[in-house]
Amino acid sequence: MSEPQGAGVPLTDAQLREALTKMHVGLVTMQERLDDHEKVLEKLLLVMQELTAGHVPNGFRQPSKVN
């Protein structure tokens, strides 16, 4: 089995710094997306709780009754 490309070749400080910076930016971006998803899920939970309690949340209309 062949070694991965670049295995055993030491990186320069600049290359390490660049790689770590890219990783950090990626992690920050992922954290921001997780925070956004968390906010959406919290709002969805509130809507679900209101619907379960029989209330119609703001922005939703009462479903029309079918005869």
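Since the model is a prediction, treat every value here as computed from it, not as a measurement.

What counts, and at which threshold
Residues numbered from 1 in each chain as written. Predicted model: local features only at pLDDT ≥ 70, side-chain atom pairs only at ≥ 80, totals over all residues. Heavy atoms only, no water. Helix = DSSP H or I, 4+ residues; strand = E, 2+ residues; numbered from the N terminus. Buried < 20%, exposed > 50% of the residue type's maximum accessible area, 1.4 Å probe, protein only. Areas by Shrake-Rupley, 256 points an atom, 1.4 Å probe, with all protein chains shown as cover. Expected span 1.5 Å × (residues − 1). Salt bridge = Lys/Arg side-chain N within 4 Å of Asp/Glu carboxyl O. Patch = residues over 30% accessible without salt bridge, like charges linked within 9 Å, V, L, I, M, F, W, Y side chains within 5 Å. Lys, Arg positive; Asp, Glu negative; His and termini not counted. Charge placed at Lys NZ, Arg CZ, Asp CG, Glu CD.

1. Things to note about the overall build of the protein
Link 1 in the chain: When helices and strands are counted, the protein shows one helix and zero strands.
Link 2 in the chain: A burial count over the protein gives 3% of its 67 residues as buried.
Link 3 in the chain: About 6,800 Å² of surface is accessible on the protein, with carbon and sulfur atoms providing 61% of the total.

2. Regarding helix 1 (residues 13-52)
Link 1 in the chain: Between its first and last C-alpha atoms helix 1 spans 57 Å; for 40 residues at 1.5 Å apiece the expected length is 58 Å, and the two agree.
Link 2 in the chain: In the segment just after helix 1, glycine 54 is the residue with positive phi, at about 90°.

3. Overview of the pattern of salt bridges
Link 1 in the chain: This model, assessed by the stated rule, comprises one salt bridge.
Link 2 in the chain: Two residues, lysine 22 and glutamate 18, come together in a salt bridge whose shortest N-O distance is 3.3 Å. One end of the pair, lysine 22, and the other, glutamate 18, are both in helix 1, four residues apart, so they sit about a helical turn from each other.
Link 3 in the chain: A residue is classified by how much of its surface remains accessible, and glutamate 18, at 46% relative accessible area, is partly exposed.

4. Quick look at a nonpolar patch on the surface
Link 1 in the chain: There is a patch of nonpolar side chains on the surface, built from Leu41, Leu44 and Met48 and spanning about 310 Å² of accessible area.
Link 2 in the chain: Structurally, leucine 44 can be placed in helix 1.

5. Quick word on a negative patch on the surface
Link 1 in the chain: On the surface, a cluster of negative charge is made up of Glu32, Asp35, Asp36, Glu38 and Glu42.
Link 2 in the chain: Along the chain, aspartate 36 falls in helix 1.
Link 3 in the chain: According to the relative accessible area criterion, aspartate 36 is partly exposed, its value standing at 45%.

Any functional reading would require information beyond the geometric quantities listed.
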